[in-house]
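The lines below spell out each chain.
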Amino acid sequence: MKKPVVIYIAGYGRSGSSALSRALAQDETVLSAGELGRLPNFIRNDHPCACGKPVSECFVWRNARTGTINDTMEAVIHANFPIVVDSSKTAYFDFHRPLLYRMNGYRVIMVHLKRPLSGVLNSISKGTNKDLEAGIKRRRALNRTRAVLGYSFAHGAAVANRLIFRDFIRVEHTDMTQDLSKVVHSILSLAENAATREPQDQILNRSTHGMHEIAGNRLLRDDGRV
Ligand SMILES: [Zn+2]
């Protein structure tokens, strides 16, 4: 089976990535895989998958040994999914993950999911209600600061990926709340398109065999400008 196409959800947490990933997985060709950056840890500790079983017994992840990129994708191929959604996003520890996929030869559809900062902070403060009741105001301020910094970093990293990946789609949180099926359709059509584009990529790779540039653009040199 061919290498799976990776739909990578970039951006920051609490932006609706789980809902989007599950909506994409309504299509039978799509595996909603969660935050795959955490798979090595889940394998080491045999944490439960969302299916309820520990990863060692999960239909998909029991075939993963280490959780590295290729090991993870082997398990996806084994489970027979041509498209996989990785919701690791682009926070500090996973900002380079889309590049790792690409370096290992996987086609990546970048989905930059963005929710306004106010909505993210609102969601975070809801999540720490227990702390608030306990009167832990300092921790709340710290959480806010961390979230603002993390949010800026994650979206900066997502935007940088726009320069690298030609299959890039920007999704606003409101796009999802207004018409989720339209968002799902546009992402899936990019993924299916990418799946059928492989021959052209091979041709492009082949065409570079006959060029041996070392530090210089020949056209510019011939023009006498370099
Ligand atoms: Zn499972």
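Rules used throughout
Residues numbered from 1 in each chain as written. Predicted model: local features only at pLDDT ≥ 70, side-chain atom pairs only at ≥ 80, totals over all residues. Heavy atoms only, no water. Helix = DSSP H or I, 4+ residues; strand = E, 2+ residues; numbered from the N terminus. Buried < 20%, exposed > 50% of the residue type's maximum accessible area, 1.4 Å probe, protein only. Areas by Shrake-Rupley, 256 points an atom, 1.4 Å probe, with all protein chains shown as cover. Phe/Tyr/Trp six-rings, centres within 6.5 Å; stacked < 30°, edge-to-face > 60°. Lys NZ or Arg CZ within 6 Å of the ring centre and 35° of its normal. Donors = N, O, S within 2.8 Å, 3.2 Å for Na, K, Ca; no water. Contact = heavy atoms within 4.5 Å.

As annotated in an unreviewed UniProt entry, the protein is Sulfotransferase family protein from Roseovarius litoreus.

## Let's talk about the overall build of the protein
Counting secondary structure elements, the protein contains 11 helices and five strands. Taking all 226 residues of the protein together, the buried fraction comes to 39%. Roughly 13500 Å² of accessible area belongs to the protein as shown, and the carbon and sulfur atoms make up 53% of that amount.

## Quick notes on the packing of aromatic side chains
Counted according to the given criterion, the structure contains five aromatic pairs. Ring centres 4.8 Å apart and planes at 45° place the aromatic pair Tyr-92 and Phe-153 in the tilted group. Of this pair, Tyr-92 sits in the loop between strand E3 (83-86) and helix H4 (97-103) while Phe-153 sits in helix H7 (residues 137-161), and the two are 61 residues apart along the sequence. Residue classification places Tyr-92 among the partly exposed residues on the basis of a relative accessible area of 42%. On the basis of an interplanar angle of 90° and a centroid distance of 6.2 Å, the ring pair of Tyr-101 and Tyr-106 is categorised as edge-to-face. When sorted by exposure, Tyr-101 lands in the same class as Tyr-106, which is buried. Through pairs of rings, three or more aromatic residues link up here, namely Tyr-8, Tyr-101 and Tyr-106. When the ring centre of Tyr-106 is taken as origin, the NZ or CZ atom of Lys-3, which lies over that ring, is 4.5 Å away. For Arg-102, the ring lying beneath its charged end belongs to Phe-165, and the centroid distance is 5.4 Å.

## Observations concerning the coordination of the zinc ion
At 2.3 to 2.4 Å from the zinc ion lie its protein donor atoms, namely Cys-49 (SG), Cys-51 (SG) and Cys-58 (SG). For the zinc ion, all donor residues lie on one chain, and their spacing in sequence is C-x1-C-x6-C. Considered together, Cys-49 and Cys-58 belong to a single accessibility category, that of buried residues.

## A closer look at helix H3 (residues 69-78)
For H3, a buried count of seven out of 10 residues is recorded, marking the element as mostly surrounded by other parts of the structure. Within H3 the residues assigned to the buried category are Ile-69, Asp-71, Thr-72, Met-73, Ala-75, Val-76 and Ile-77. Buried-residue contacts for H3 involve strand E1 (5-11), strand E2 (30-32), helix H2 (39-45), E3 and H4. Following H3 by one or two positions, Asn-80 has its phi on the positive side, about 75°.

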